[in-house]
Amino acid sequence: MSELDSIDTAMLRILQQNGRISNAELAERVGLSPSACSRRLDILEKSGVISGYHAHLSQKALDYRMIAIVHISLSGQFAKTLAEFEAAVKLCPNVLVCYLMSGEYDYILRVAAKDLADYERIHRDWLSALPHVVKINSSFALREIIDRPNVGV
């Protein structure tokens, strides 16, 4: 996609705040006709600038009261090793985020758990069973300061 103009960025800012806004309201707020707004939205979606629309769920309301930051070291960084680990970690429903890292650890995960006993179960049944894992280091978040789901546009 070519450069975003001021109308595109305005649309993106509004959609980040309210992904359920109607096309008519979005068009009015950015000064376009509904059909022009719809065409631009279609371009933003097809070009991958907008990758989806999601509900932001409250982990606390769903009784997930613990967040663990988990550092994982693997036995090596061969392509097959990484691919097998990544395929397996995607199956763990409590892993919210997984990053391949540079530095001391190979991966960093953000894991949601209901309590310490639940995290112990996740560690035992999921994390320790992941292929090629040689070291797991877990830290627990004391409180969340910021969870910014949107990027600045």
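Taking an unreviewed UniProt entry as the reference, the protein chain is identified by name as Lrp/AsnC family transcriptional regulator belonging to Mycoplana rhizolycopersici.

Caption draft 1: Highlighting the overall build of the protein chain. For the protein chain, the count of helices and strands is five helices and four strands. When the helices and strands of the protein chain are read in sequence order from the N terminus, they spell out α-α-α-β-α-β-β-α-β. In terms of overall dimensions, the protein chain is more spread out than a globule: its C-alpha atoms have a radius of gyration of 20 Å, far above the 15 Å expected for 153 residues. In terms of overall dimensions, the protein chain has a C-alpha envelope of 55 × 40 × 25 Å along the principal axes. Carbon and sulfur atoms make up 54% of the accessible area of the protein chain, which totals about 10200 Å². Counting 17 positive and 18 negative side-chain charges, the protein chain places the averaged centre of each group 3 Å from the other.

Caption draft 2: View of helix α3 (residues 34–46). Here α3 spans 18 Å end to end across 13 residues, near enough to the 18 Å set by a 1.5 Å rise per residue. Along α3, the positions that sit buried rather than exposed are Ala36, Cys37, Leu41 and Leu44. Along the axis of α3, the buried positions cluster into a sector of 135 degrees, meaning they face one direction only. Residues of α3 that are exposed and point more than 90 degrees away from the buried face comprise Arg39 and Lys46. At its buried positions, α3 is contacted by α1 (6–17) and α2 (23–30).

Caption draft 3: Expanded view of the pattern of salt bridges. Enumeration according to the criterion identifies seven salt bridges in this entry. In this structure, the salt-bridge partner of arginine 65 is aspartate 63, at a minimum N-O distance of 3.4 Å. Several salt bridges share partner residues, and in doing so they unite Asp5, Asp8 and Arg40 into one network.

Caption draft 4: Representation of the nonpolar core within the structure. One finds Val70, Leu109, Val111 and Leu127 to be the most contacted residues of the largest nonpolar core, which totals 19 residues. At the level of secondary structure, the elements contributing two or more residues to this core comprise β1 (66–74), α4 (79–89), β3 (107–113) and α5 (116–127). What valine 111 contacts, discounting residues up to four positions off in sequence, is Met66, Ile67, Ala68, Val70, Asn94, Val95, Tyr119 and Ile122.

Caption draft 5: Region of the structure containing the environment of arginine 143. For arginine 143, the location among the structural elements is in the segment after β4 (133–140). Given the relative accessible area of 66%, arginine 143 is considered exposed. The sequence separation of arginine 143 and methionine 66 amounts to 77 residues, and the corresponding C-alpha distance is 9.0 Å.

Caption draft 6: Quick peek at the UniProt feature "domain: HTH asnC-type" (unreviewed entry) in the protein chain. Within the UniProt annotation, "domain: HTH asnC-type" (unreviewed entry) is assigned to residues 4–65. Between the C-alpha atoms that bound residues 4–65 there is a distance of 39 Å. The span itself is 53% helix and 0% strand.

Caption draft 7: How the structure looks around the environment of isoleucine 14. You can see isoleucine 14 is positioned in helix α1. Sequence-distant contacts of isoleucine 14, that is, excluding residues within four places in its chain, are made with Ile21, Leu26, Arg29 and Val30.

Caption draft 8: Expanded view of the sheet that holds β3. Read from one edge to the other, the open sheet built from four strands follows the order β2-β3-β1-β4, with strand pairing classed as antiparallel. Of all strands in the sheet, those bounded by a partner on one side alone are β2 (95–100) and β4. On average, adjacent strands in this sheet sit at an angle of 20 degrees to one another, irrespective of strand direction. Bridge analysis of β1 against β4 gives seven bridges, and the strand direction is antiparallel. Looking at β4, one finds that isoleucine 72 is bridged to isoleucine 136. On top of the sheet, α4 reaches β1, β2, β3 and β4; it is set at about 165 degrees to β2, its chief contact.

What counts, and where the lines are drawn
Residues numbered from 1 in each chain as written. Predicted model: local features only at pLDDT ≥ 70, side-chain atom pairs only at ≥ 80, totals over all residues. Heavy atoms only, no water. Helix = DSSP H or I, 4+ residues; strand = E, 2+ residues; numbered from the N terminus. Rg over C-alpha atoms; globule rule 2.2 N^0.38 Å. Areas by Shrake-Rupley, 256 points an atom, 1.4 Å probe, with all protein chains shown as cover. Lys, Arg positive; Asp, Glu negative; His and termini not counted. Charge placed at Lys NZ, Arg CZ, Asp CG, Glu CD. Expected span 1.5 Å × (residues − 1). Buried < 20%, exposed > 50% of the residue type's maximum accessible area, 1.4 Å probe, protein only. Arc of directions from axis to C-beta. Contact = heavy atoms within 4.5 Å. Salt bridge = Lys/Arg side-chain N within 4 Å of Asp/Glu carboxyl O. Core = buried A, V, L, I, M, F, W, Y, C linked by side-chain atoms within 4.5 Å. UniProt positions renumbered as here; feature names shortened; annotations may be inferred. Pairing = 2+ DSSP bridges. Axes fitted to C-alpha atoms, helices over the stretch in contact; angles between N-to-C directions.

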